[in-house]
Amino acid sequence: MKKLLIMFMSLLVIAGLAACGGNEESSGKSSDGGADEGSNLKIGISLPSATHGWMGALIDNAENQAKEVKEAEGIDYIMTNASDPNKQANDVEDLISQQVDVIVMLPIESAALSPVGQKVKDAGIPLVIVDRELENEAATVVVKGDNEGIGVNAGKYFVEQLNGKGKVVEITGPPSSVTNQRGSGFQEAMNGEDGIEIIASQNGDFSKEASLEVMQNILQAHAEIDAVFTQDDEMALGVLQAIKEADREDIQFITGAGGNKTVFENMKEDGLIKATFLYSPTMVKDAVTIAADLAKGEEPSETMIVKEATQVTKDNVDEYYNEDSKY
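In every chain, residue numbers begin from 1 and rise along the written sequence. Whole-chain, interface and lining totals are the exception, using all residues; otherwise, since this is a predicted model, local features are given only for residues with pLDDT of at least 70 and side-chain atom pairs are given and counted only at 80 or more. Heavy atoms from the whole structure form the basis of all side-chain values; hydrogens and water molecules are not counted.

- Going by an unreviewed UniProt entry, the protein chain carries the name Ribose transport system substrate-binding protein and comes from Sediminibacillus albus.
- Note on the protein chain: under the UniProt heading Subcellular location (unreviewed entry), the record states "Cell envelope".
- As its UniProt record puts it under Sequence similarities (unreviewed entry), the protein chain is described as follows: "Belongs to the bacterial solute-binding protein 2 family." UniProt positions are given in the numbering used here, feature names are shortened, and annotations may be inferred rather than shown by experiment.

Below, the structure is given as structure tokens:
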């Protein structure tokens, strides 16, 4: 009887060990860190609506990268798009309530979205900001182009092309860090150039249509304009259309920012847009990749990632032009 009891107890122990091994195997996590490892993780992505080509291209890049991350690492994602700051703030609050592991946000307006950015931080969720910075310290990582560099490079171009003398129009974006940095960089580069006067500065809302209307009014108000600095390529195209429709021949050149295919084509044809400064919508791919790392609990290697504001003119446009580009 004693031997039988010992054999019975041994069988129970073996069965228990086998059951433990079965539970570990079905946990859904692979030992080599493969796709199953992130199966319970989720990235929330909050972006503006595609109101113009650059944003449309950025949204495509974000979704494509999120799909790649999901396929490679098993990390799911939720993407939202908003047409105004209130809707975007509500979207982000909803992502918080869904307990996503990290949030990627491109704020429609810096000031308006700063409070909800703080809510993300207070909830203990890492926050990756793209393009337009917040007005607080809520971001874990910021990925952006060199906005101040765009303004500085444009200002230097104006001083050089106008020989330090001329009447200039500035078409800005909506209230945001992007607008402020590009505008301050432009003015910084022209400090001390008393011969250059900014005769008008108006918000073109990063929109071709809005900039067309704004420039039409400026053209009616000012009989003499030497050059136009726009903070965005779509706005440069709207300004170009307004100038053509008004049949104005006094304006020597327009500059933009972004890297729009149509702007490149105008340069190749020796059109009125003479320079732009790169600000690629592919920057969001870096943001999504960083978000995946943060979701897995990794520490960021950098908290501020800035893409170079390369100057593009007719001389080097062929290096950057891609006829198949969506932007």
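Some remarks on the sheet that holds strand β2 (residues 76–82)
Inference 1: Strand pairing is defined by DSSP finding a minimum of two bridges between the two strands. Working definition: helices are DSSP H or I runs of at least four residues, strands are E runs of at least two. Numbering for both runs from the N terminus. Taking strand neighbours across the sheet as the criterion, the six strands line up as β2-β1-β3-β4-β5-β11 in an open arrangement whose pairing is parallel. This sheet does not close on itself; its edge strands, each paired only once, are β2 and β11 (304–307). When the angles between neighbouring strand axes are averaged without regard to direction, this sheet yields 15°.
Inference 2: Should any heavy atoms of two residues lie within 4.5 Å, those residues are counted as being in contact. Orientation is described by lines fitted to C-alpha atoms, with helices fitted over the stretch in contact, and by angles between N-to-C directions that extend from 0 to 180 degrees. Along the sheet, helix α10 (residues 283–295) makes contact with β1 (42–48), β3 (102–105), β4 (127–130), β5 (141–145) and β11, crossing β5 at roughly 170°.

Focus: the pattern of salt bridges
Inference 1: Counted as salt bridges are all cases of a side-chain nitrogen of Lys or Arg within 4 Å of a carboxyl oxygen of Asp or Glu. Per the counting criterion, the structure on display carries 14 salt bridges.
Inference 2: The partner of D76 in a salt bridge is K70, and the shortest N-O contact between them spans 3.3 Å.
Inference 3: Residue D76 is classed as partly exposed on the basis of its relative accessible area, which comes to 26%.
Inference 4: Here E298 and K296 are joined by a salt bridge, their closest N and O atoms 3.8 Å apart.
Inference 5: Summary of the burial criterion: residues with accessible area below 20% of their type's maximum are buried, those above 50% are exposed, and those between are partly exposed, where the area comes from a 1.4 Å probe applied to protein chains only. We classify E298 as partly exposed; its relative accessible area is 40%.
Inference 6: Three or more residues joined by partner-sharing salt bridges are found here, namely E73, D293, K296 and E298.

Some thoughts on the side chain of Q181
Inference 1: Considering the arrangement of structural elements, one finds Q181 in helix α6 (residues 177–189).
Inference 2: Polar side-chain contacts of Q181 include one of 3.5 Å to the side chain of K144. Nitrogen and oxygen atoms within 3.5 Å of one another constitute a polar contact, given that in protein one can donate a hydrogen and the other can accept it, and given that sequence-neighbouring residues count only through two side-chain atoms.

Notes on the nonpolar core
Inference 1: Ranked by internal contacts, the top residues of the largest apolar core, which has 81 residues, are V128, F158 and M215.
Inference 2: With nine residues, α10 is the largest single contributor of residues to this core.
Inference 3: Mapping this core onto the domain boundaries places at least three of its residues in each of domain 1 (42–145 + 281–307) and domain 2 (147–278).
Inference 4: As used in this record, nonpolar core signifies buried Ala, Val, Leu, Ile, Met, Phe, Trp, Tyr and Cys residues forming a set joined through side-chain atoms within 4.5 Å. With 17 residues, the next largest nonpolar core counts I103, M105, V116 and L127 among its residues. Residue ranges labeled as domains rest on an automatic or database domain assignment.

What to know about the environment of L106
Inference 1: When you line up the elements, L106 lands in the loop between β3 and α4 (110–122).
Inference 2: Expressed as a C-alpha distance, the spacing of L106 and V143, which sit 37 residues apart in the sequence, is 9.7 Å.
Inference 3: Among residues more than four places away in sequence, those in contact with L106 are S46, L47, P48, W54, M55, L58, Q88, V130, D131 and R132.

Considerations on the pairing of β3
Moving residue by residue along a regular strand, the side chains alternate between the two faces of the sheet.
Inference 1: The alternating pattern of β3 places V102 and V104 on one face and I103 and M105 on the opposite face, and all of these are buried.
Inference 2: In terms of strand pairing, β1 meets β3 through four bridges, oriented parallel. Considered in β3, the bridge of I45 is made with V104.
Inference 3: With three bridges joining them, β3 and β4 adopt parallel strand pairing. Within the sheet, the bridge partner assigned to I103 lies in β4 and is L127.
Inference 4: Each parallel crossover has a hand, and for β3 linked through α4 to β4 it is right-handed. Crossover handedness is defined by viewing with both strands directed away from the observer: a clockwise path from the first strand over the helix to the second marks the crossover as right-handed.

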